[in-house]
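Topology and contacts: notes
So you can see what is in the structure, the chains are spelled out below.
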Amino acid sequence: MAQLAAGVAVITVRDGRDDLGATVSALMSVSLEPPMVLVSLASRGYLCEVLLRQDRWAASLLSSGQAAVASRFAAAGRPSARHLVAGTPHHRGEHSGALVVEGGVAALEAETAQVVPAGDHTLFLGRVLAVGYVTPTLHPLVRLRGRYRPMSR
């Protein structure tokens, strides 16, 4: 599957006073009516554990200039997401309270509608609550063959 290019996003959730997030390349549109997305997370990860109890979350679809942000959120043993976005433009989503990274190709907030165990991952189907922004002039960041790669025309 490393031969298949995939967009890169950061999934964030607010858990009480803490913020968590992780880089994913398994985020996809599922339905236009109603608008729904699906994200796949490792079942043993702490973000998965939190999303099983917190229904609302955000997805920031990263742009080609945000590989450093993707790397920060992918690092093992990463600190609170608040530290990971320090120095990066961001805001809190109105519907989820989760951190939303600015400067990407798009951002959305979702509410989990269904959870599906799938091998060593868990699939979260989310009903889109809001689209924070769409920036069609930027190119997306993609992951291909284990590396982040900018898209070009």
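Let me sum up the structure you'll find in this document. What you see is a predicted model, and the numbers here were worked out from it, not measured in a lab.

1. Quick notes on the overall build of the chain
Summing up its helical and strand segments, the chain has 3 helices and 12 strands in all. Relative to its length of 153 residues, the chain is compact, with a C-alpha radius of gyration of 14 Å against a globular reference of 15 Å. Its C-alpha atoms put the chain at 40 × 35 × 35 Å along the principal axes. Sorting the 153 residues of the chain into buried and exposed places 43% on the buried side. Nonlocal contacts in the chain, meaning residues at least 24 apart in sequence, comprise 62% of its contacts between residues at least 6 apart. Carbon and sulfur atoms make up 55% of the accessible area of the chain, which totals about 8200 Å². For the chain, the distance from the average site of its 15 positive side-chain charges to the average site of its 11 negative ones is 10 Å.

2. Considering the environment of Ala-75
Following the sequence through the fold, Ala-75 ends up in the loop between α2 (67-74) and α3 (81-84). Overall, Ala-75 belongs to the partly exposed group, its relative accessible area being 34%. In this structure, the C-alpha to C-alpha distance between Ala-75 and Ala-22, residues 53 residues apart in sequence, is 8.6 Å.

3. Things to note about the layout of surface pockets
Quantified by volume, the largest pocket comes out at close to 520 Å³. Surrounding the largest pocket, 30 residues form its lining, Gly-21, Ala-22, Leu-47, Phe-73 and Arg-78 being those nearest its centre. For the lining of the largest pocket, the secondary structure elements donating two or more residues are β3 (18-24), β5 (35-42), α1 (46-51), α2 and α3. In terms of residue class, the lining of the largest pocket is built from 18 nonpolar, 8 polar and 4 charged. In this structure, the second largest pocket encloses a volume near 240 Å³. Surrounding the second largest pocket, Met-1, Ala-2, Leu-4, Ala-5, Ala-6, Ser-25, Arg-143, Leu-144, Arg-145 and Gly-146 form its lining.

Reading the values: the criteria
Residues numbered from 1 in each chain as written. Predicted model: local features only at pLDDT ≥ 70, side-chain atom pairs only at ≥ 80, totals over all residues. Heavy atoms only, no water. Helix = DSSP H or I, 4+ residues; strand = E, 2+ residues; numbered from the N terminus. Rg over C-alpha atoms; globule rule 2.2 N^0.38 Å. Buried < 20%, exposed > 50% of the residue type's maximum accessible area, 1.4 Å probe, protein only. Contact = heavy atoms within 4.5 Å. Areas by Shrake-Rupley, 256 points an atom, 1.4 Å probe, with all protein chains shown as cover. Lys, Arg positive; Asp, Glu negative; His and termini not counted. Charge placed at Lys NZ, Arg CZ, Asp CG, Glu CD. 1 Å grid on protein atoms, 1.4 Å probe; cavity = no way out; pocket = protein on both sides within 12 Å on 5 of 7 lines; lining within 4 Å. Points joined across faces, edges and corners; volume = space filled by probe spheres on them. Nonpolar A, V, L, I, M, F, W, Y, C, P; charged D, E, K, R; others polar.

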